[in-house]
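Okay, here's what each chain looks like letter by letter:
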Amino acid sequence: MTLPIPSHAPPAPAPAPLSSAPAAGADAPAAAGRALEHPGAGEIRLEEVLHALSDPMRLIVVRNLAAAHGEVACSDVPLPVSKSTTTHHFRVLREAGVISQIYRGTSKMNALRMDDLEALFPGLLDRVLDAAARQAARLDG
């Protein structure tokens, strides 16, 4: 969901090339209909990132990807939900610009878009990951 920009707000910057995700469109690899759309770095909106991070299952995904420090297959992130619900959560994260996804053979590989998120919202993802870890320790305690 994209909210309208108030008339008093400055215009959004032009989309910049992605630093950690393949661009959708003309420059994207033609993988026989298997290319996935990602927002450009300039299209990532704070409210969409916060919404994506607000769900406990999506937060588990983000924590797993952060701990992996690289690409992880969807099937390697254990979630206590159905496969279709897992797919939904990964799609929400990708469409919000939190993760990049790319097919490698039959696996859909996922990685955090750390560079883009840090450039747009300095410290946000680190703070969210830290808070999630502290909460998990407190609740699992």
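Scroll up for the structure.
Quick notes on the rules
- Residues numbered from 1 in each chain as written.
- Predicted model: local features only at pLDDT ≥ 70, side-chain atom pairs only at ≥ 80, totals over all residues.
- Heavy atoms only, no water.
- Helix = DSSP H or I, 4+ residues; strand = E, 2+ residues; numbered from the N terminus.
- Buried < 20%, exposed > 50% of the residue type's maximum accessible area, 1.4 Å probe, protein only.
- Contact = heavy atoms within 4.5 Å.
- Areas by Shrake-Rupley, 256 points an atom, 1.4 Å probe, with all protein chains shown as cover.
- Core = buried A, V, L, I, M, F, W, Y, C linked by side-chain atoms within 4.5 Å.
- Salt bridge = Lys/Arg side-chain N within 4 Å of Asp/Glu carboxyl O.
- Axes fitted to C-alpha atoms, helices over the stretch in contact; angles between N-to-C directions.
- Parallel < 35°, antiparallel > 145°, perpendicular 65-115°, else oblique.
- Left-handed = near helix turned anticlockwise from the far one by under 90°.
- Nonpolar A, V, L, I, M, F, W, Y, C, P; charged D, E, K, R; others polar.
- Expected span 1.5 Å × (residues − 1).
- Arc of directions from axis to C-beta.

Caption draft 1: Expanded view of the overall build of the protein. Within the protein one finds five helices and three strands. Burial analysis of the protein (141 residues in total) assigns 35% to the buried set. Once local pairs closer than 6 in sequence are excluded, the contacts in the protein between residues at least 24 apart make up 68%. Accessible area for the protein stands at about 8500 Å²; split by element, carbon and sulfur atoms hold 58% of it.

Caption draft 2: Quick peek at the nonpolar core. Formed by 26 residues in total, the largest nonpolar core has its most connected members in Val62 and Val98. Elements with a minimum of two residues in this core: α1 (46–53), α2 (56–68), α3 (83–96) and α5 (124–140). The biggest single contributor to this core is α2, with five residues. In this structure Val98 touches Val49, Ala52, Leu53, Val62, Leu93, Ala111, Leu112, Arg113 and Leu117, once residues within four positions along its chain are discounted.

Caption draft 3: Local environment of the pattern of salt bridges. Within the structure shown, the criterion is met by five salt bridges. For Arg104, the salt bridge is made with Glu71, and the minimal N-O distance between the two is 2.7 Å. On the criterion of sequence distance, the pair formed by Arg104 in strand β2 (residues 99–104) and Glu71 in the loop between α2 and β1 (72–73) is long-range, its members being 33 residues apart.

Caption draft 4: Up close: the environment of Phe121. Within the secondary structure layout, Phe121 lies in the loop between α4 (114–120) and α5. Along the primary structure Phe121 and Arg45 are separated by 76 residues, whereas in three dimensions their C-alpha atoms are 9.8 Å apart. Leaving out residues up to four positions away in the same chain, Phe121 has contacts with Ile44, Arg45, Leu46 and Val49.

Caption draft 5: Layout of the packing of α1 against α5. α5 packs onto α1 with a crossing angle of 20 degrees between their chain directions and a minimal axis gap of 12 Å. Judged on the interaxial angle alone, α5 and α1 are roughly parallel. α5 is crossed by α1, and the crossing has right-handed handedness. Together, Leu46, Val49, Leu50 and Leu53 of α1 and Leu124, Leu125 and Val128 of α5 make up the contact between the two elements. Taken together, the residues of the contact of α1 with α5 sort by class into seven nonpolar, no polar and no charged.

Caption draft 6: A look at α5. Over its 17 residues, α5 extends 24 Å from the first C-alpha to the last, a length consistent with the 24 Å expected when each residue adds 1.5 Å. For α5, every residue scored as buried is listed here: Leu125, Val128, Leu129 and Ala132. What you see down the axis of α5 is that its buried residues fit within an arc of 95 degrees, all on one side. Pointing more than 90 degrees away from the buried face of α5 are the exposed residues Arg127, Arg134, Ala137 and Arg138. Looking at the buried residues of α5, the elements they touch are α1, α2, β3 (107–112) and α4.

That's the geometry; what it means functionally is another story.
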